[in-house]
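Structure at a glance
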Amino acid sequence: MSFKKIKNNVFYAGMNDEGRLLFDELIPLDHGTSYNSYVIKGSQKTAVIDTMYPKFTKEYLKSFDENSITKVDYIIANHGEQDHSGSIPAMLDKFPDAVVVTNAVCANNLKEMLLIPEEKIKIISNNEELSLGDTTLQFIIAPGVHWPDTMFTYIKESNIICTCDFLGAHYIFDDVFASPSKELERSAKKYFAEIMMPFSFLCRKYTKQLKEMKVDMILPSHGPVHNNPDYILNLYEDWAGEKGKNLVLLPFVSMYNSTHEMIDYLANKLEEKGIPSYKYDMVDGNLGDLAIALVDGSTIVLGTSMVLAGPHPAAFNTVYLASILRPKAKTASFIGSYGWGGNLFGKMTEMLAPLKMDIIEPILVKGRAKIEDYKKLDKMTDEIYEKHKAIGLI
Ligand code: FEO
């Protein structure tokens, strides 16, 4: 495999994982993923930025022989997670004089997760520089986008920056450079939702910083290289922004259609008021679709049947997912139907408490909704309308 030239003495040495269907054993992948690694051939030293997912270590190491790289001086670890650091031990075996360069938090992770000896690690501080001869690497420690150990590496003379997982996408490609498309945008948005959305305020900070740096290219650790940085930075400005869209999310699970009927009724009423909604089947739906919708939705109304004496497990799963992804929705409620009794909404309301959302009075129905229940749904529609109007969405 030939390394692909990106700019000057910077080369792409990553690999595509076309067959990968799930990341973090959680979010389905539409297009597999890539594990990006970059080689910088300085006039005096050679550096590698991030390595490889362990499954591909053998092929990755071989690619250094195929590209006549006989010496690596520095292995830069922008982040300790093993989809990027997993091949460092094998790299140190192959290039025994190489030194791992990273920040203190990541160094600790590498020691704990990969048993890399302390004497093989050089710890750098924020903004510290490392010379490769004619090329200078500058390290920007960026905790929170997405692990506490995350950092960026800025290649000064080329004015390009390796941003690790930040601004990435689970997306495979032949050409190393991004071609804007609906598919790429969907993958990048899903990736943002799963990995970055809980830290949206930090995404805003680093998006602004990168815009101000006016870099020529962004080299993430998954997905294509952005040689038009504004494409991905503008998307992040939108996705990580504080305000959602005029959109209500309606995740539902319904055993005998009673809850489904109420969700359909609510969707129609919202539509009449000029509020689009997104219905999501929590049993048969693709979790990636829900994650994407969570980036935009301003209100979430979850519908669930009672199973035994509590919510359907799929409802718990969705509420838990929302509680950890920390979407920008500011309003939530529940609707549901039961047969003989129990507590349908109590635990789910508790789970949402850390998000500090306004909770509209939930609607609980025995069996099928009746005239008074439809009146409650009309009232819920009005309340959602007023809340969207109050924050300028309508
Ligand atoms: Fe957090 Fe792609 O690793």
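Residues numbered from 1 in each chain as written. Predicted model: local features only at pLDDT ≥ 70, side-chain atom pairs only at ≥ 80, totals over all residues. Heavy atoms only, no water.

This next bit is on the overall build of the protein. Counting its secondary structure elements, the protein contains 12 helices and 23 strands. Judged by the C-alpha coordinates and their principal axes, the protein covers about 80 × 40 × 35 Å. Relative to its 394 residues, the protein shows a buried fraction of 57%. For the protein, the accessible surface area stands at approximately 16,500 Å², while carbon and sulfur atoms represent 52% of it. Positive and negative side-chain charges of the protein, numbering 42 and 51 respectively, have mean locations separated by a distance of 4 Å. (Helix = DSSP H or I, 4+ residues; strand = E, 2+ residues; numbered from the N terminus. Buried < 20%, exposed > 50% of the residue type's maximum accessible area, 1.4 Å probe, protein only. Areas by Shrake-Rupley, 256 points an atom, 1.4 Å probe, with all protein chains shown as cover. Lys, Arg positive; Asp, Glu negative; His and termini not counted. Charge placed at Lys NZ, Arg CZ, Asp CG, Glu CD.)

What follows concerns the packing of aromatic side chains. Overall, the coordinates contain 16 aromatic pairs when judged by the stated rule. With a centroid separation of 5.5 Å and an interplanar angle of 75°, the aromatic rings of Phe152 and Tyr206 are classed as edge-to-face. Highlighted residues: Phe152 in strand 14 (residues 151–155) and Tyr206 in helix 6 (residues 200–213), separated in sequence by 54 residues. No difference in accessibility class separates Phe152 from Tyr206, as the two residues are buried. Between Phe192 and Trp239, the ring centres sit 5.9 Å apart and the planes meet at 40°, which makes this aromatic pair tilted. A residue pair is termed long-range when its members are at least 10 positions apart, and Phe192 in helix 5 (residues 182–196) and Trp239 in helix 7 (residues 229–239) qualify at 47 residues. The exposure class assigned to Phe192 is buried, which follows from its relative accessible area of 0%. Lying over the aromatic face of Phe11, Lys41 brings its terminal NZ or CZ to 4.5 Å of the ring centre. (Phe/Tyr/Trp six-rings, centres within 6.5 Å; stacked < 30°, edge-to-face > 60°. Lys NZ or Arg CZ within 6 Å of the ring centre and 35° of its normal.)

Before going further, it helps to spend a moment on the sheet that holds strand 12 (residues 129–131). The mixed open sheet is built from 5 strands, whose spatial order is 12-13-14-15-16. The strands lining the two open edges of the sheet, one partner per strand, are strand 12 and strand 16 (217–220). On average, adjacent strands in this sheet sit at an angle of 25° to one another, irrespective of strand direction. Here 3 bridges tie strand 12 to strand 13 (residues 136–141), and the two strands are oriented antiparallel to one another. When the bridges of strand 13 are listed, Ser131 appears paired with Thr136. (Pairing = 2+ DSSP bridges. Axes fitted to C-alpha atoms, helices over the stretch in contact; angles between N-to-C directions.)

Attention now goes to the environment of Ile155. Examined against the element boundaries, Ile155 turns out to sit in strand 14. Accessibility expressed as a relative area gives 0% for Ile155, which makes it buried. Residues Ile155 and Lys376, spaced 221 residues apart in sequence, show a C-alpha to C-alpha distance of 59 Å. When near neighbours in sequence (up to four residues on either side) are disregarded, Ile155 contacts Val10, Ile40, Ile49, Thr135, Thr136, Leu137, Ile160 and Cys162. (Contact = heavy atoms within 4.5 Å.)

The next subject is the nonpolar core. Counting residues in hydrophobic clusters, the biggest one holds 61 residues, and the most contacted among them are Val145, Phe166, Phe192 and Tyr236. The greatest single-element share of this core, amounting to 7 residues, is contributed by helix 5. Both domains that furnish three or more residues to this core are identified here as domain 1 (4–239) and domain 2 (249–390). Discounting residues that sit within four places of it in the chain, Val145 has contacts with Thr150, Phe152, Phe166, Met196, Leu202, Cys203 and Tyr206. Judged by nonpolar contacts, the second largest core, of 30 residues, contains Leu29, Ile88, Leu92 and Ile121. (Core = buried A, V, L, I, M, F, W, Y, C linked by side-chain atoms within 4.5 Å. Domains from an automatic or database assignment.)

A few words now on the pattern of salt bridges. Counted under the stated rule, the structure contains 21 salt bridges. Close ionic contact of Lys7 with Asp216 constitutes a salt bridge, the shortest N to O distance being 2.8 Å. Of this pair, Lys7 sits in strand 1 (residues 4–7) while Asp216 sits in the loop between helix 6 and strand 16, and the two are 209 residues apart along the sequence. The class for Asp216 is partly exposed, based on a relative accessible area of 36%. Asp73 is the partner of Lys71 in a salt bridge, and the nearest nitrogen-oxygen pair spans 2.4 Å. Relative accessible area serves as the criterion here: at 43%, Lys71 is assigned to the partly exposed category. Via salt bridges that share partners, Asp30, Arg186, Lys190 and Asp289 belong to a single interconnected network. (Salt bridge = Lys/Arg side-chain N within 4 Å of Asp/Glu carboxyl O.)

Moving on to helix 7. Within helix 7, burial applies to Pro229, Tyr231, Ile232, Leu233, Leu235, Tyr236 and Trp239. Packed against the buried residues of helix 7 are helix 5, helix 6, strand 16 and helix 9 (287–296).

On to the domain arrangement of the protein. The domain boundaries assigned to the protein delineate domain 1 (4–239) and domain 2 (249–390). Each partner contributes to the interface: domain 1 provides 14 residues, whereas domain 2 provides 15 residues. Between domain 1 and domain 2, the buried area comes to about 1,200 Å², and carbon and sulfur atoms account for 67% of it. Remark: the boundary between domain 1 and domain 2 carries 2 salt bridges. Here Lys189 and Asp296 are joined by a salt bridge, their closest N and O atoms 2.6 Å apart. For the pair domain 1 and domain 2, the interface holds 4 residue pairs in polar contact (both at pLDDT 80 or more). (Buried area = accessible area lost by both parts, 1.4 Å probe. Polar contact = N/O pair within 3.5 Å; in protein donor to acceptor, adjacent residues only side chain to side chain.)

Our focus in this paragraph is the sheet that holds strand 2 (residues 10–12). An order of 1-2-7-8-9-10-11 is seen for the 7 strands of this open sheet, with the pairing classed as mixed. Whereas interior strands pair on both sides, the edge strands pair on one side only; in this sheet they are strand 1 and strand 11 (121–123). Strand-to-strand twist in this sheet, taken as the mean axis angle between neighbours without regard to direction, amounts to 30°. Direction of pairing for strand 7 (residues 38–41) relative to strand 8 (residues 46–49): antiparallel, over a ladder of 4 bridges. Of the residues in strand 8, the one forming a bridge with Val39 is Val48.

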